Amino acid sequence: MGDVLIDEDQGYRASASRDTRFDGQFILAVRTTGIYCRPSCPAAMPKRANVLFFSTAAAAQQAGFRACRRCLPDSVPGSPEWNLRADLAGRAMRLITDGVVEREGVPGLAKRLGYSDRHVTRVLTAELGAGPLALARAHRAHSARLLIETTTLPLADIAFAAGFASVRQFNDTIRAVFATTPTGLRAAAKRRATPTAPGKVTLRLPYREPFDYDTLLDFLAARAIPGVESIVDGSYGRTMRLAHGTGTAWLTPAHGHIDCTLSLADMRDLGSAVTRLRRLLDLDADPGAVGEVLGADPALEALVRKNPGLRLPGAVDGAEIVTRALVGQQITVAAARTALTTLTAALGEPLCTPDGDLTVLFPTPAAIAERGAEVLRGPRRRTDTILTVNAALAAGELDVHVGADPEELSQALQEFSGVGPWTAGYVLMRVLGAPDVLLTGDVAMRKGAANLGLPSTPEALEAHAGAWRPWRSYAGMHLWSAA
């Protein structure tokens, strides 16, 4: 028996029907061939007795299976479990896919989670069938395949860029996971596409359909900071500060995926950049599950039908979202955008190599803490809060990352004078992808509720929203659009 989070008979039926909605939610492994596939793999369906199910590709690899070269099971949306789950396993998975193990090792991962190395390894192995090193190895293999297939980098350089300790380890992993050599992967890729220029990667970011890109783009566009973000002919671009350098990304909707063009100062940041962009656009969401619950409310039914596949806007940097939320307290979206534009123009770090309209990085917490008072306008109390919180971020006293415990992060934020439930909830929603946060204190959200004939007082709206669990964050997006 494999290790999986769903009922195995249900998994077999989903695989037999080639249901793409389950791609990324579990892995199907075949004893007789020794390969693992996505549920929608077009290959002939094996007998039930020959099938095992796993929660992750890493668990399948640990059991000795290799990736199917026909369906490419690592090229699918990730499991929505990791946004839904606020437990240790879910938080750990978010950090592992962000590259924390490659950068800081298992001790660094454990420290961020607040547990010992041994406990983290024990929990992940028990729940997911693989420990943090195996999960990170699967993530490295995926990053390596992207670099092999989409760049002209020498294979030895790719080995270290993907996080491998040696070329031998890189070669062994590629053979074990993909049943071919790195040279073989590149040769096959050349028959399909032409690699891009050095420092640039073009790839596809898959999602589960439907996908309401327009509503998500409208949300991001209304808050876009010139130089940091840009919208050109429906494509969304933004700058990123990553672990090893800077990067820019352009995201364009296509059928069944997002076309992504990344320009990176250091290719070691590829895996982390892709993960952050997927979270920014909420590409791992299960829109069917969300729509089923929210569409059952007569007040939301028409909006759910009108905007199927609504997504939750995420983040590429936790500290940035904290500052955006603090600046936006009790003022309009337009006023907040103006204030953030002024702050970025004064304190942002210019890119060495601009990418079209993308010219600057959002200011660091240290820069805001040191010089923010020269730039920020408005009530003194709000300015003091922004400076104090950014000083804590710069000193490491406050750490806002995707692996944070939601309750602990909310409490830590609200310990600062001037930070209330709205700000904390907004940060949880965007940084952690928390799906069940309803910002009842938001004026625009209450206005949207009134427009839909729903209760518009915080208490009454909170009571009505009980039926929307566990998708109240998505319901809030509908309310904002109704405003």
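Preceding this paragraph is the structure being described.
Quick caveat: nothing in here was measured; it's all calculated off a predicted structure.

Enquirer: What am I meant to see in the overall build of the chain here?
Expert: If you tally the helices and strands in the chain, you get 23 helices and 11 strands. Taken against the 2.2 N^0.38 rule, which gives 23 Å for 483 residues, the C-alpha radius of gyration of the chain at 22 Å falls within 12% of a compact globule. In terms of principal-axis extent, the alpha carbons of the chain reach across some 65 × 50 × 45 Å. Sorting the 483 residues of the chain into buried and exposed places 56% on the buried side. For the chain, restricting intrachain contacts to residue pairs at least 6 apart in sequence, the fraction spanning at least 24 positions comes to 67%. Of the charged side chains in the chain, 52 are positive and 50 negative; the average position of the first set lies 5 Å away from that of the second.

Enquirer: Would you explain the packing of helix α16 (residues 333-347) against helix α17 (residues 365-375) in this entry?
Expert: Interaxial distance between α16 and α17 falls to 10 Å at its minimum, and their mutual angle equals 115 degrees. As α16 runs across α17, the sense of the crossing is right-handed. Along its contact with α16, which presents Thr 342, Leu 343, Ala 346 and Leu 347, the element α17 presents Ala 367, Ile 368, Arg 371, Gly 372 and Val 375. For the contact of α16 with α17, the residue count by class is 6 nonpolar, 2 polar and 1 charged.

Enquirer: Got a minute to help me understand the environment of Leu 312 in this structure?
Expert: Relative to the elements of secondary structure, Leu 312 occurs in the loop between α14 (298-306) and α15 (318-327). Separated by 162 residues in sequence, Leu 312 and Tyr 474 place their C-alpha atoms 6.3 Å apart. Beyond its immediate stretch of four places on either side in the chain, Leu 312 contacts Leu 216, Arg 279, Leu 280, Leu 281, Asp 282, Met 429, Gly 433, Ala 434, Pro 435, Ser 473, Tyr 474 and Met 477.

Enquirer: Whenever I open this one, helix α23 (residues 472-482) confuses me. Can you help?
Expert: Turn by turn, an α-helix covers 3.6 residues, leaving residues three or four places apart pointing in a common direction. Counting buried residues along α23, 9 of its 11 residues qualify, which places the element largely inside the surrounding structure. In this structure, the buried residues of α23 make contact with α11 (213-222), α13 (287-294), α14, α20 (421-431), α21 (443-451) and α22 (458-464).

Enquirer: What exactly am I supposed to notice about the pattern of salt bridges here?
Expert: Close approach of charged atoms allows side chains with opposite charge to pair. The full count for this structure, using the stated rule, is 22 salt bridges. In this structure, Arg 175 and Asp 172 form a salt bridge, with 3.3 Å as the shortest nitrogen-oxygen distance. Residue Arg 175 and its partner Asp 172 are both found in helix α9 (residues 167-178); the two are separated by 3 residues, about one turn of the helix. Note on Arg 175: relative accessible area 43%, which makes it partly exposed. Overall, the relative accessible area of 39% leaves Asp 172 in the partly exposed class. Residues joined in a network through salt bridges with shared partners are Glu 229, Arg 238, Glu 320 and Arg 324.

Enquirer: Honestly, empty space enclosed by the protein in this entry has me stumped. Any pointers?
Expert: Unfilled space is identified by rolling a water-sized probe across the atoms. Counted under the stated rule, the structure contains 3 cavities of 30 Å³ or more. Considered as a void within the structure, the largest cavity measures approximately 80 Å³ in volume. What lines the largest cavity is a set of 13 residues, and nearest its centre among them are Glu 229, Arg 238, Glu 320, Arg 324 and Arg 430. Elements with a contribution of two residues or more to the lining of the largest cavity: β7 (235-241) and α15. The dominant element in the lining of the largest cavity, judged by the number of residues it contributes, is α15, at 3 residues.

Enquirer: How should I be thinking about the sheet that holds strand β9 (residues 257-264) in this particular structure?
Expert: The strands making up a sheet are joined through hydrogen bonds of the backbone, oriented either antiparallel or parallel. The strand order across the open sheet built from 5 strands is β5-β9-β8-β7-β6, with neighbouring strands paired in antiparallel fashion. Either end of the sheet is taken by a strand with one partner, and the two such strands are β5 (200-206) and β6 (229-232). Ignoring which end each strand starts from, the neighbouring axes of this sheet average 20 degrees apart.

Enquirer: Sorry if this is basic, but what is going on with the pairing of β7 here?
Expert: Within a regular strand, the side chains alternate between the two sheet faces. Counting buried residues along β7, 6 of its 7 residues qualify, which places the element largely inside the surrounding structure. Bridge count between β6 and β7: 4 bridges; the pairing is antiparallel. Along β7, the bridge assignment pairs Val 232 with Ser 235. Taking the residues that link successive antiparallel strands as the turn, the β6-β7 hairpin has 2 residues, and the phi of Asp 233 there is positive, at about 50 degrees. Sheet topology note: the β7/strand β8 (residues 246-254) ladder contains 6 bridges and is antiparallel. Bridging across to β8, Met 240 finds its partner in Gly 247.

Enquirer: Can you help me understand the side chain of Thr 323 in this one?
Expert: Take Thr 323: it is sitting in helix α15. Taking relative accessible area as the criterion, Thr 323 reaches 0% and is therefore assigned buried. What Thr 323 contacts, discounting residues up to four positions off in sequence, is Leu 340, Leu 343, Phe 362, Ile 368 and Asn 390.

Enquirer: I'm lost on the sheet that holds strand β1 (residues 27-30) in this one. Help?
Expert: Taken in spatial order, the 4 strands of this open sheet run β3-β1-β2-β4, and their pairing is mixed. In the strand order of this sheet, the two ends are held by β3 (51-54) and β4 (66-67), each with one partner. When β1 meets strand β2 (residues 35-37), the two strands line up antiparallel, connected through 3 bridges. In the strand pairing of β2, Val 30 is matched with Ile 35.

Enquirer: Help me understand the layout of surface pockets, please; the structure alone is not making it clear to me.
Expert: In this model, the second largest pocket occupies a volume close to 1,100 Å³. Taken together, 40 residues line the second largest pocket, and the ones lying closest to its centre are Gly 328, Gln 330, Ile 331, Trp 422 and Asp 442. Elements represented by at least two residues in the lining of the second largest pocket include exactly α11, α15, α16, α18 (380-395), α20, α21 and α23. At 5 residues, α20 tops the list of elements feeding residues into the lining of the second largest pocket.

Enquirer: Is there a simple way to explain the nonpolar core in this structure?
Expert: As a rule of thumb, nonpolar side chains are buried together in soluble globular proteins. With 112 residues, the main nonpolar core has Leu 262, Leu 277 and Trp 468 as its most contacted residues. Not counting residues within four places of it along the chain, the set of residues in contact with Leu 262 comprises Gly 199, Lys 200, Val 201, Leu 203, Met 240, Thr 248, Ala 249, Leu 270, Ala 273, Val 274 and Leu 277. In terms of nonpolar packing, the next biggest core, distinct from the first, is built from 22 residues, Val 100, Leu 109, Leu 128 and Ala 138 among them.

So, how was this worked out
- Residues numbered from 1 in each chain as written.
- Predicted model: local features only at pLDDT ≥ 70, side-chain atom pairs only at ≥ 80, totals over all residues.
- Heavy atoms only, no water.
- Helix = DSSP H or I, 4+ residues; strand = E, 2+ residues; numbered from the N terminus.
- Rg over C-alpha atoms; globule rule 2.2 N^0.38 Å.
- Buried < 20%, exposed > 50% of the residue type's maximum accessible area, 1.4 Å probe, protein only.
- Contact = heavy atoms within 4.5 Å.
- Lys, Arg positive; Asp, Glu negative; His and termini not counted.
- Charge placed at Lys NZ, Arg CZ, Asp CG, Glu CD.
- Axes fitted to C-alpha atoms, helices over the stretch in contact; angles between N-to-C directions.
- Left-handed = near helix turned anticlockwise from the far one by under 90°.
- Nonpolar A, V, L, I, M, F, W, Y, C, P; charged D, E, K, R; others polar.
- Salt bridge = Lys/Arg side-chain N within 4 Å of Asp/Glu carboxyl O.
- 1 Å grid on protein atoms, 1.4 Å probe; cavity = no way out; pocket = protein on both sides within 12 Å on 5 of 7 lines; lining within 4 Å.
- Points joined across faces, edges and corners; volume = space filled by probe spheres on them.
- Pairing = 2+ DSSP bridges.
- Core = buried A, V, L, I, M, F, W, Y, C linked by side-chain atoms within 4.5 Å.

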